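Chain by chain, the residues:
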Amino acid sequence: LSFSDLMHSSVCEKIMELLGQNKIDHHQRQVVILSQDSFYKVLTAEQKAKALKGQFNFDHPDAFDNELIKQTLRQILQGETVQIPVYDFVTHSRKEEFITVYPADVVLFEGILMFYSQEIRDLFQMKLFVDTDPDTRLSRRVLRDIGERGRELEQVLAQYITFVKPAFEEFCLPTKKYADVIIPRGADNLVAINLIVQHIQDILNGGPSKRHNGCTNGHSTPRQRRTSESSSRPH
């Protein structure tokens, strides 16, 4: 399942909480979350200098390593264990370590531009767009960037006005038409979230929608736990 919009992470976390998956060991989880934010491209020295000044557009489709996203998704569809990059938002660089994601019945992939590329959005069985008002998106971004990424308020607001808002309107919002389900009010919309949770539980319990298995074109992700991890990073 794919999520789009800034409130997607809290919705995914709420889904995991209601499913009880966040209390299960990573090796045995039936539902896992991936984030588009893990797949930012490695910046050149010039781009990194701009990023440190808040002058690089991280909300543009070209900021993401879409080839790596496609490769990773295809590996997931084959039931493989995958290595996910770790991005450092303070230094604007990709870390040396990786996160290992094991095969699961359902994969939640969240990100503001997950529907922008047709090749990528066609890899999802269900597409959900989390729709929230601009004030909520801005306030959450300000709190996150100041609290978690050590940014100054003036820089956060300047970046929002210069890059984030225009990119949302140009690249993210038009992809709303590709969504199968639109969720207003984000994680506060418990009615919508409970419906999604029930759908996932049907998949996990082998119900009528088991054949979809959170994937695409009728192909399911094999529920096969690997004894060894991937030795190399997907390219």
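Residues numbered from 1 in each chain as written. Predicted model: local features only at pLDDT ≥ 70, side-chain atom pairs only at ≥ 80, totals over all residues. Heavy atoms only, no water.

If you look the protein chain up in an unreviewed UniProt entry, it shows as uridine/cytidine kinase from Gasterosteus aculeatus aculeatus. The UniProt entry for the protein chain carries the following comment under Function (unreviewed entry): "Phosphorylates uridine and cytidine to uridine monophosphate and cytidine monophosphate. Does not phosphorylate deoxyribonucleosides or purine ribonucleosides. Can use ATP or GTP as a phosphate donor." Heading Sequence similarities (unreviewed entry) of the UniProt record for the protein chain holds this comment: "Belongs to the uridine kinase family." (UniProt positions renumbered as here; feature names shortened; annotations may be inferred.)

S.K.: Would you mind going over the packing of helix α1 (residues 8–19) against helix α7 (residues 190–204) with me for this structure?
M.R.: How two helices sit against one another is set out by the angle between their axes and by the gap between those axes. Two elements in contact, α1 and α7, have axes whose closest approach is 10 Å; the angle formed by their N-to-C orientations is 55 degrees. Our classification of the angle between α1 and α7 gives oblique. Here α1 and α7 pass one another in a crossing that is right-handed. Across the interface between the two elements, Val-11, Lys-14, Ile-15, Leu-18 and Leu-19 from α1 touch Leu-190, Ile-193, Asn-194, Ile-196, Val-197, Ile-200 and Gln-201 from α7. Taken together, the residues that form the contact of α1 with α7 break down as nine nonpolar, two polar and one charged. (Axes fitted to C-alpha atoms, helices over the stretch in contact; angles between N-to-C directions. Helix = DSSP H or I, 4+ residues; strand = E, 2+ residues; numbered from the N terminus. Parallel < 35°, antiparallel > 145°, perpendicular 65-115°, else oblique. Left-handed = near helix turned anticlockwise from the far one by under 90°. Contact = heavy atoms within 4.5 Å. Nonpolar A, V, L, I, M, F, W, Y, C, P; charged D, E, K, R; others polar.)

S.K.: Help me out: how do you make sense of the packing of aromatic side chains in this one?
M.R.: Aromatic ring pairs are reported here in terms of the distance separating the ring centres and the angle at which the planes meet. Tallied over the entire structure, the rule returns nine aromatic pairs. Measuring from centroid to centroid gives 4.8 Å for Phe-56 and Phe-58, while their planes differ by 70 degrees, and the two rings are edge-to-face. Accessibility assignment for this pair places Phe-56 and Phe-58 in one class, buried. With 5.6 Å between their ring centres and 85 degrees between their planes, Tyr-116 and Phe-171 make a pair best called edge-to-face. Placement of Tyr-116 in the loop between β5 (106–110) and α4 (118–121) and of Phe-171 in helix α6 (residues 153–172) is noted, with a sequence separation of 55 residues between them. Following the ring pairs from residue to residue traces out a cluster consisting of Tyr-40, Phe-56, Phe-58, Phe-64, Tyr-87 and Phe-89. The aromatic ring of Phe-168 is capped on one face by Arg-137, whose charged end is 3.8 Å from the ring centroid. Against the face of Phe-89 rests Arg-149, its NZ or CZ located 3.8 Å from the ring centre. (Phe/Tyr/Trp six-rings, centres within 6.5 Å; stacked < 30°, edge-to-face > 60°. Buried < 20%, exposed > 50% of the residue type's maximum accessible area, 1.4 Å probe, protein only. Lys NZ or Arg CZ within 6 Å of the ring centre and 35° of its normal.)

S.K.: Just to check I follow, could you spell out the pattern of salt bridges for this structure?
M.R.: Side chains that differ in sign of charge can pair as their charged atoms come close. What the rule picks out here adds up to twelve salt bridges. In this structure, Lys-70 and Glu-119 form a salt bridge, with 3.0 Å as the shortest nitrogen-oxygen distance. Highlighted residues: Lys-70 in helix α3 (residues 66–77) and Glu-119 in helix α4, separated in sequence by 49 residues. Residue classification places Lys-70 among the buried positions, given a relative accessible area of 6%. Among the ionic pairs, Asp-145 bridges to Arg-149, the shortest N-O distance being 3.8 Å. Taken together, the residues span about one helical turn, with Asp-145 and Arg-149 both in helix α5 (residues 134–149) at a distance of four residues. Residue Asp-145 shares its accessibility class with Arg-149, and that shared class is buried. (Salt bridge = Lys/Arg side-chain N within 4 Å of Asp/Glu carboxyl O.)

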